[in-house]
Amino acid sequence: MTSGVPAGQVQREGDPFGLPSGTTVRFVLLITAVTTASATLVNGVSSVVLTSVDVRQVRAYYECATRATQEAARAHGASSGDGSSPFVFDCNDPRAATTWAVTVAVTALLLLGVGCVYVCLPAWRKRRRGYRELTGMPELTACLRQLTRTAGLHSPVTFLAEPLEPGVDALAFGRVGRRQVVLSGGLMVLFARDPDAFRTVVLHELAHIRNRDLDVAFLTLVVWRMSGPPLLAFAVLAVPGSLFLGPELAAADLTHAVRMGLLAVLAAFLKNSVLRSRELYADARVRSWQGSPTSLQRLFRDYGLPSAPRSGWRSALLRVHPTAAQREEALRDERLLGEAGFWDFCAVGATVAFLYDFLELGPVGGGSQAGAGTEALATVLASGLLVGATGTALWRGAAGAAGAVGPRGKRDAGLGLALGVGSMHLLSPTGASSAAMLGGKGLTLLIPYAALVVLCGLAAAGWLVAATRSWAPVSFRRRRTRLVAAGVLGASAVGVAPAFDYLMQLPPLTLYAASFESPNAPGALVFLSDFVNLSIGVAGSALTPLTVTAILIPIVGQYLAQRATRRQQATVFGPLRPTAGALVRLGVPAGLTAAGAGVLIALLGAFSFWGLILEILAAQIAAAFLATRDYAPLPVIRGVLAAYAAGALALLGWFLMMKAFGSCVLGAGPCATLPSPENVFLALTLPSAGALTACAVHAGLHALRTRPTGERIPILSPGGRR
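None of these values were measured; they are calculated from a predicted model.

Attention now moves to the sheet that holds strand β2 (residues 157–162). Strand order in the open sheet formed by 4 strands is β1-β2-β4-β3, with mixed pairing between adjacent strands. Among the strands making up the open sheet, the edge pair consists of β1 (132–133) and β3 (170–173). Two elements, β1 and β2, share 2 bridges in a ladder whose sense is antiparallel. Of the residues in β2, the one forming a bridge with E133 is L160. The sheet contacts of helix α5 (residues 185–193) involve β2, β3 and β4 (179–184), and relative to β4 the element is tilted by about 75°.

If you want it as structure tokens, here you go:
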């Protein structure tokens with residue numbers, strides 16, 4: 001998570017923009033991932049044990065569901081028209097009696113255990129390691145008191161000694177209100193031999209207390225040690241155990257084990273990332289106190305601190321401390337503080353997909369307790385976590401005055417999200433058991449669905465960067481970064497939620513369609529056909545809110561930023577208006593042309609619904625390119641605006657002219673020119689599907705056109721300087 005903050009501007013928790021630090025964001029993800037996984041694991045066991053359910057009863061349930069599914073597939077069940085499963089099997093799930101009480105109890109017990117360890121472990125560590133309080137050393141005590149004042153700590157800090165430790169080291173620990181710092185024997189010797197190095201080491205530990213990351217690091221280790229090993233053990237033991245189950249139950253068990261293993265590995269990466277990033281933030285704090293990185297760099301070079309290993313065979317993902325080279329680089333360039341990478345965003349996507357699947361299917365899973373309530377809860381929480389975590393990371397990176405997120409950063413974010421969401425969601429136990437029930441039919445739909453998820457991940461990352469670039473000057477000017485960020489990301493999550501739910505529901509909908517509607521057609525072709533039909537069907541409920549959100553949030557932010565900087569000689573967005581005129585920016589020429597062409601085709605007797613849709617789509621793509629043919633701020637967003645407006649104008653104009661021609665010219669009823677409310681609704685909702693398609697084409701070609709340099713828009717720094 002890059003920051004681009006000027007030297008010495010490290011604020012609370014090491015965050016230059018007032019947003020949650022990279023350490024905090026990763027910690028929230030880790031807590032969400034392991035608590036959800038632990039609740040799922042215990043829930044699956046308790047659903048059988050607490051209700052005295054025999055495994056044979058569970059197998060009988062799956063066998064009943066398999067027979068019903070296969071019979072419906074052989075009968076080529078009639079399509080329901082909305083892509084949902086056209087049958088309901090009458091099979092009793094014996095696990096349905098556990099309800100949500102087990103999930104709540106498991107989560108509460110896990111958090112209670114973490115809290116008990118948090119309270120008791122510091123005292124236990126002090127007794128076990130034999131730490132002693134400093135006595136009889138007035139000069140050292142006075143120096144430590146002065147360093148505490150330098151750190152700006154208002155709560156008391158107790159300094160302890162570990163005299164038998166010969167290395168140069170220190171450790172800050174303790175719970176809220178009782179912070180403690182341990183000084184090794186080698187460090188105490190260093191007080192007389194090299195006072196500057198001694199001060200730097202102690203200030204680094206006090207920086208952890210000032211940044212308030214002690215609790216985050218401590219809880220991270222506790223949560224991982226309580227949850228990580230059980231998840232990995234389950235993933236290993238479930239594989240041979242599944243060999244003794246039926247094919248449907250075995251498929252669900254295997255995929256569940258793989259998901260648990262993947263989540264445990266990603267949680268381990270998050271845990272290591274939390275511990276590494278807190279060291280970089282502490283170094284940045286010390287640098288701001290001392291006004292120069294010289295003392296820290298000399299410390300790394302001369303004493304080789306254990307927390308800053310110079311080298312190692314382990315991958316960067318496995319280290320719990322950054323190397324000395326990484327720490328020195330972060331001291332030279334504070335944009336590297338907590339920088340989010342591919343695996344961080346992959347962990348975001350995996351956690352979101354796992355949380356969605358768990359909540360959407362009810363506490364037991366398998367769909368036996370799924371309903372509108374569980375789906376709504378899953379959509380709200382998962383989309384909020386997705387937009388909140390990703391948006392915070394990209395906001396911190398894109399808002400830097402000296403180093404905005406470039407093409408590589410957006411690509412890593414998009415691909416990481418896509419890999420996490422796609423792999424975790426496609427490995428859903430329910431989906432695996434459904435595929436086994438259907439005999440593996442239609443599984444080739446996974447290929448186009450994976451491509452769609454990648455496209456959506458890249459689009460989400462690019463759009464969030466554009467939105468944060470637009471709103472960052474507003475937050476800097478008003479000095480309410482957290483409030484502005486929360487409002488922007490909250491509104492974004494509301495607009496994204498219906499489309500996110502639609503994306504997550506596509507695999508089961510198209511899987512059943514491939515078996516019931518077109519059992520002999522390749523699954524990939526069925527997916528593409530159903531995706532088009534379903535997209536038109538949900539244009540009003542899912543795609544239109546997404547399109548409106550994608551247009552309004554960046555453009556409103558840009559407008560407010562321009563107003564905030566209007567008194568300056570230079571604007572942060574270049575020209576206040578793009579070179580294309582207002583009518584072209586709103587897609588008016590392309591929309592009117594498409595409406596007239598549609599009427600002409602209808603009068604010539606060659607009208608068809610899909611022909612009209614394709615003709616309007618072509619006009620929307622043309623409108624996107626015409627609106628951004630020269631310089632235009634936020635070019636992709638303005639392309640979406642032009643495409644949507646052109647489609648709405650084309651449909652509305654077509655309805656109006658066709659109604660006027662039929663009633664006023666042909667005399668089919670009284671002369672009327674105003675479209676009906678149904679026509680207006682279609683004109684305002686249906687173009688959203690074409691606008692998003694036009695956006696994909698326009699964004700791809702725009703990326704190719706700007707690849708040599710990329711788009712870099714200078715914005716204001718937190719201090720108001722350019």
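That was the structure; now back to the text.
Here we take up the packing of aromatic side chains. Within the structure shown, the criterion is met by 9 aromatic pairs. When the centroid spacing of 5.1 Å and the interplanar angle of 65° are considered together, the rings of F191 and F198 count as edge-to-face. A centroid spacing of 6.4 Å and a plane angle of 15° characterise the contact between Y502 and F531, whose relative ring orientation is stacked. Of this pair, Y502 sits in helix α16 (residues 481–516) while F531 is found in helix α17 (residues 523–537), placing the two residues 29 residues apart along the sequence. One aromatic cluster is present, formed by Y449, Y502, F527 and F531 through successive ring pairs. The ring of F173 has R125 lying over it, and the distance from NZ or CZ to the ring centre is 5.5 Å.

Let us look at the pattern of salt bridges. Taken as a whole, this structure holds 10 salt bridges when the rule is applied. A salt bridge links R327 to E279, with the nearest nitrogen and oxygen atoms 4.0 Å apart. Of this pair, R327 sits in helix α10 (residues 324–332) while E279 sits in helix α8 (residues 247–290), placing them 48 residues apart in sequence. For R327, a relative accessible area of 1% gives the class buried. Beyond isolated ion pairs, a larger network of salt bridges with shared partners links D213, R278, E279, D283 and R327.

So, on to helix α6 (residues 195–210). Under the 1.5 Å per step criterion, the end-to-end length of α6 is 22 Å for 16 residues, consistent within 8% with the ideal 22 Å. Counting buried positions along α6 gives 12 out of 16 residues, so the element sits mostly inside the fold. Taken together, the buried positions of α6 are A197, F198, T200, V201, V202, L203, H204, E205, L206, A207, H208 and I209. Just downstream of α6 lies R212, where phi reads positive at about 60°.

Moving on, we get to the pairing of β4. Counting buried residues in β4 gives 6 out of 6 residues, a clear majority hidden from the surface. Neither face of β4 is open: one carries R179, V181 and L183, the other Q180, V182 and S184, and all of them are buried. Where β2 and β4 come together, 6 bridges link them in parallel fashion. Residue L160 lies in a different strand from β4, and its bridge partner there is V182. Of the pairings in the sheet, the one linking β3 to β4 comprises 4 bridges and is antiparallel in character.

On to the packing of helix α9 (residues 294–303) against α10, then. Where α9 contacts α10, the two axes come as close as 10 Å, and the packing angle between them is 170°. One element, α9, and the other, α10, form an angle in the roughly antiparallel class. For the pair α9 and α10, the contacting residues are L296, Q297 and F300 in the first and A324, R327, E328, L331 and R332 in the second. Broken down by class, the residue content of the contact of α9 with α10 amounts to 4 nonpolar, 1 polar and 3 charged.

Cut-offs applied
Residues numbered from 1 in each chain as written. Predicted model: local features only at pLDDT ≥ 70, side-chain atom pairs only at ≥ 80, totals over all residues. Heavy atoms only, no water. Pairing = 2+ DSSP bridges. Helix = DSSP H or I, 4+ residues; strand = E, 2+ residues; numbered from the N terminus. Contact = heavy atoms within 4.5 Å. Axes fitted to C-alpha atoms, helices over the stretch in contact; angles between N-to-C directions. Phe/Tyr/Trp six-rings, centres within 6.5 Å; stacked < 30°, edge-to-face > 60°. Lys NZ or Arg CZ within 6 Å of the ring centre and 35° of its normal. Salt bridge = Lys/Arg side-chain N within 4 Å of Asp/Glu carboxyl O. Buried < 20%, exposed > 50% of the residue type's maximum accessible area, 1.4 Å probe, protein only. Expected span 1.5 Å × (residues − 1). Parallel < 35°, antiparallel > 145°, perpendicular 65-115°, else oblique. Nonpolar A, V, L, I, M, F, W, Y, C, P; charged D, E, K, R; others polar.

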